[in-house]
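Structural features, examined
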Amino acid sequence: MRSWFRALPSWDSGQASVEGAFLIPILLISLLLLLQPGIVLYDRMVMHAAASEGCRLLATKPAGESMKTYEAAVKRALGAVPEQDCFHVHGGSCSWKVELSGSEGSSQVSVTIKNRLRFLPLFDWGGRALGILDSDGCMELEVKSQACGWPAWVSESAQGKSPRRWIGEWKQ
């Protein structure tokens, strides 16, 4: 008879509900606090990948060719960032600022990308308090990627950087 009495639910089982009522808001607030840094990190990762790809493209750009094709390729890679103000302030037309320098003959190529994003509500208050937002309530992100145009072994070779001399050397 005593074993049957122990199988009945106890009256203090409501304690888990009370603990859950305290824990759920804390978990939700923690997730919300990770949202804005996650957006900034995502933007920086996409911008860095696009800048690195732009450097790889610039390292093969002939000296007389226009930069517009390469800038368009970088902006196409930046299309992974949503056109929402919390990711990228778009403003009706493309507002990415892309600066390219260098070409096939350069020893160094670089790509700089600038972007503005608007903080989420409540985070903008914290951003203003920290002084990282401008007067419009936006934060500017900037990513710069640099790469060597030629590996050291190519520059130091007897044939130099000229592809024609390399081909002539291979034929012999």
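Right, let's walk through the structure included here. Everything quoted here is computed from the prediction, not taken from an experiment.

The next subject is the sheet that holds strand 1 (residues 97–101). The strand order 1-2-3 describes an open sheet built from three strands, whose pairing is antiparallel. The sheet terminates laterally at strand 1 and strand 3 (138–148), the two strands that pair on one side only. The mean angle between the axes of side-by-side strands here comes to 10 degrees, regardless of whether they run parallel or antiparallel. Here strand 2 (residues 108–118) pairs with strand 3 via eleven bridges, running antiparallel. Of the residues in strand 3, the one forming a bridge with Arg-118 is Cys-138.

If you walk through the whole model with that rule in mind, you get six salt bridges. Here Arg-56 ties to Glu-53 by a salt bridge, and the two come within 2.9 Å at their closest N and O atoms. Here Glu-53 and Arg-56 lie together in helix 2 (residues 15–58), a separation of three residues that amounts to about one turn. Take Glu-53: its relative accessible area is 33%, and that puts it in the partly exposed class. Among the ionic pairs, Arg-116 bridges to Asp-134, the shortest N-O distance being 2.9 Å. Here the residue Arg-116 occupies a position in strand 2, and Asp-134 occupies one in the loop between helix 4 (123–130) and strand 3, the gap between them amounting to 18 residues.

Conventions adopted
- Each residue is numbered by its place in its chain's sequence as written, counting from 1.
- Side-chain atom pairs in this predicted model are given and counted only at pLDDT of 80 or more, local residue features only at pLDDT of at least 70, and totals for whole chains, interfaces and linings cover all residues.
- Hydrogen atoms and water are omitted, and side-chain values are computed over all heavy atoms in the structure.
- Paired strands, as defined in this entry, are two strands with at least two bridges between them according to DSSP.
- Helical segments are the DSSP runs of H or I of at least four residues, strand segments are the runs of E of at least two, and each set is numbered from the N terminus.
- In this description, a line fitted to the C-alpha atoms serves as the axis of each element, helices being fitted only across the stretch in contact, and the angle between N-to-C directions of two axes falls anywhere from 0 to 180 degrees.
- Just to be clear on terms, a salt bridge is a Lys or Arg side-chain nitrogen sitting within 4 Å of an Asp or Glu carboxyl oxygen.
- Using a 1.4 Å probe on the protein chains alone, a residue whose accessible area is under 20% of its type maximum counts as buried, one over 50% counts as exposed, and one in between counts as partly exposed.

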